[in-house]
Amino acid sequence: MLTSPAQLSWLFYTACHVSLLIILFQLDTPKTRVSIGTTLVTVLTSLFLLFFSHLEHLRSIRPSTILNVFLGLTLLFDLARLRTLYFMSNQTVTSLFAVSWVIKTIILVFEATEKRQLLKKAYENSPIESTSGVINRALFWWLRDLLWRGSKTTLTVDSLPSLDDDLKNASNSQSLFERWDKGEIWVASGSPKSKVLT
């Protein structure tokens with residue numbers, strides 16, 4: 001069932017490219033040898049990504065890294081295509097492609113939005129880093145609240161957000177010493193500590 005704005009946006013995006021495909025099949029429309037093929041691949045890809053977006057929405061507590069990276073890169077590539085289409089004579093194709101580019105930008109915004117308010121009870125208290133998407137983590141946007149609080153008040157250990165489970169386990173000193181004794185810790189040289197120290 002399509003209920004999220006991102007999934008509806010994917011449908012509008014697909015509809016734009018189906019319309020482009022119909023226009024490109026007309027004989028008088030200027031096109032290259034691969035125009036119809038790339039538009040058909042775009043339609044099929046967007047249908048697959050609609051399904052993938054739905055699965056990611058149901059099964060992950062963070063926004064999809066694959067979708068965010070894909071959308072971010074293809075938005076840049078589509079700008080180059082939009083520029084080329086602008087200099088071609090058919091304004092209908094250019095307008096439809098521009099509309100699809102705007103819809104893809106909206107999809108990126110929807111797909112990059114955190115799902116914290118939609119999480120089930122078991123995941124409501126997940127660490128902020130665990131629910132942040134690739135864009136938030138790359139830009140350190142997930143730290144903005146902590147930095148704001150730190151600029152207004154003195155932070156204490158109790159006022160800090162909870163850590164990711166992997167970070168908690170890595171900071172367990174007993175586990176660290178046990179792994180060190182077993183030679184499971186790798187040092188900067190890329191070798192186990194036992195090979196470096198003996």
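Numbering of residues begins from 1 in every chain and follows the order in which that chain's sequence is written. Under the rules for a predicted model, residues below a pLDDT of 70 receive no local features and side-chain atom pairs below 80 are neither given nor counted, while totals for whole chains, interfaces and linings still include all residues. The basis for every side-chain value is the complete set of non-hydrogen atoms in the structure, without hydrogens or water.

**So, the pattern of salt bridges**
Here is step 1: The term salt bridge refers to a side-chain nitrogen of Lys or Arg lying within 4 Å of a carboxyl oxygen of Asp or Glu. Per the counting criterion, the structure on display carries 2 salt bridges.
Here is step 2: The shortest N-O distance in the salt bridge between D78 and R81 comes to 3.7 Å. Note that D78 and R81 are positioned in helix α3 (residues 65-87) at a spacing of 3 residues, about one turn of the helix.
Here is step 3: Per-residue accessibility, obtained with a 1.4 Å probe over protein chains only, is compared with the maximum for each type, and a residue is labelled buried under 20%, exposed over 50%, and partly exposed between these values. The class for R81 is partly exposed, based on a relative accessible area of 33%.
Here is step 4: The shortest N-O distance in the salt bridge between D78 and K104 comes to 2.7 Å. Of this pair, D78 sits in helix α3 while K104 sits in helix α4 (residues 91-112), and the two are 26 residues apart along the sequence.
Here is step 5: Accessibility expressed as a relative area gives 9% for D78, which makes it buried. Every helix listed is a DSSP run of H or I at least four residues long, and every strand listed is a run of E at least two residues long, numbered separately from the N terminus.

**A look at the nonpolar core**
Here is step 1: Core analysis: the largest hydrophobic core is formed by 19 residues, its most contacted members being W10 and I107.
Here is step 2: Every element with two or more residues in this core is listed here: α1 (5-24), α2 (35-59), α3 and α4.
Here is step 3: Counting residues per element, this core draws most heavily on α4, at 6 residues.
Here is step 4: The contact criterion used is simple: two residues touch if any of their non-hydrogen atoms lie within 4.5 Å. With near-sequence residues (within four places) excluded, I107 lies in contact with S9, W10, Y13 and L71. In this description, a nonpolar core means a group of buried Ala, Val, Leu, Ile, Met, Phe, Trp, Tyr and Cys residues linked to one another through side-chain atoms lying within 4.5 Å.

**Some thoughts on the packing of α1 against α4**
Here is step 1: What counts as an axis is a line fitted to C-alpha atoms, over the stretch in contact for a helix, and the angles between N-to-C directions run from 0 to 180 degrees. For the pair α1 and α4, the least separation of the axes is 9 Å and the interaxial angle reads 160°. Considered as vectors, α1 and α4 are oriented roughly antiparallel to each other. Every pair of crossing elements has a handedness; the one defined by α1 and α4 is left-handed. From α1, P5, A6, S9, W10, F12, Y13, C16, H17, S19, L20 and I23 reach across to α4, where they touch T92, V93, L96, F97, V99, S100, I103, K104, I106, I107, F110 and E111.
Here is step 2: Nonpolar residues are Ala, Val, Leu, Ile, Met, Phe, Trp, Tyr, Cys and Pro. Charged residues are Asp, Glu, Lys and Arg, and all others, Gly as well, are polar. Residues that form the contact of α1 with α4 fall into these classes: 16 nonpolar, 5 polar and 2 charged. Our angle categories are set so that under 35 degrees counts as roughly parallel, over 145 as roughly antiparallel, 65 to 115 as roughly perpendicular, and the remainder as oblique. Handedness of each helix crossing follows the sense of rotation of the near helix against the far helix: counterclockwise by less than a right angle gives left-handed, clockwise gives right-handed.

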